[in-house]
Amino acid sequence: TNIVAPHGGSFVKYFMQRAKIRRLEKNLTADKETNDSHRVWYTQEELNDFYRGPAFRLHYRYSQVLVTIYVCWMYSISMPLMPFFGAVSCYLSYWVDKFLFCNFYRTPPMYSDDMGKRCTSLLGYLILLHLGM
């Protein structure tokens, strides 16, 4: 379930956002005014916020991937297919995040490579945990 579960919430939010935009665009008149009298945007920024998706939370994604990798390698002694499931999970995470980056999330700020280096250094402890099991 950890292969699919981290992406379920993001996809539900994506489909809800798309449905909200479709409802709005369906109610537009010929001169691009909305039929909804209760929905009025006074500035372009408010309208942009309506179309804009949520911010991407990189630290949550890193933690989800690290937990998946750690669990798969810790239990790989007793269940030899766990590294395969971990690889499938990482592969799926890559493609889901890529799709959602292109279609849903806001443009992320410029991140430094500090978080990536820190997570890579944490993988060294994985070897010790794996040998300790």
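The paragraphs below set out a description of the structure included in this document.

About the cut-offs
- Residues numbered from 1 in each chain as written.
- Predicted model: local features only at pLDDT ≥ 70, side-chain atom pairs only at ≥ 80, totals over all residues.
- Heavy atoms only, no water.
- Helix = DSSP H or I, 4+ residues; strand = E, 2+ residues; numbered from the N terminus.
- Expected span 1.5 Å × (residues − 1).
- Buried < 20%, exposed > 50% of the residue type's maximum accessible area, 1.4 Å probe, protein only.
- Contact = heavy atoms within 4.5 Å.
- Patch = residues over 30% accessible without salt bridge, like charges linked within 9 Å, V, L, I, M, F, W, Y side chains within 5 Å.
- Areas by Shrake-Rupley, 256 points an atom, 1.4 Å probe, with all protein chains shown as cover.
- Salt bridge = Lys/Arg side-chain N within 4 Å of Asp/Glu carboxyl O.
- Phe/Tyr/Trp six-rings, centres within 6.5 Å; stacked < 30°, edge-to-face > 60°.
- Arc of directions from axis to C-beta.

### Section: helix α3 (residues 58–74)
Taking 1.5 Å of rise per residue, 17 residues should cover 24 Å, and α3 covers 24 Å from first to last C-alpha, within 8% of that figure. Turning to α3, its buried residues number three or more, namely Leu58, Arg61, Leu66, Thr68, Ile69, Tyr70 and Cys72.

### With respect to the side chain of Ser93
Within the secondary structure layout, Ser93 lies in helix α4 (residues 82–103). Discounting chain neighbours no more than four positions away, the residues touching Ser93 are His7, Arg61 and Val65.

### Remarks on a nonpolar patch on the surface
Side chains of Val67, Val71, Tyr75, Ile77, Met79 and Met133 sit close together on the surface and give an oily, nonpolar patch of about 550 Å² of accessible area. Tracing the backbone shows Met133 in the segment after α5 (114–132).

### Quick notes on the packing of aromatic side chains
Going through the model one piece at a time under the given rule, you end up with 13 aromatic pairs. Ring geometry for Tyr91 versus Trp95: centroids 6.4 Å apart, planes at 65°, classification edge-to-face. Of this pair, Tyr91 and Trp95 both sit in helix α4, four residues apart, which is roughly one turn of that helix. By relative accessible area, which is 56% here, Tyr91 ends up exposed.

### Considering α4
An ideal rise of 1.5 Å per residue puts 32 Å on 22 residues; α4 measures up with 31 Å between its terminal C-alpha atoms. Looking at α4, one finds that the buried residues are Met82, Gly86, Ser89, Ser93, Val96, Asp97 and Leu100. The arc enclosing the buried residues of α4, seen along the axis, measures out at 100°, which places them on a common side. Seen from the buried face of α4, the exposed residues on the opposite side, beyond 90 degrees, are Phe84, Tyr91 and Cys102. Taken together, the buried residues of α4 touch α1 (5–26) and α3.

### Examining the side chain of Ser10
Summarising the element assignment, Ser10 is placed in helix α1. Overall, Ser10 belongs to the buried group, its relative accessible area being 16%. Those residues in contact with Ser10 that lie beyond four places of it in its chain are Leu100, Phe104 and Tyr105.

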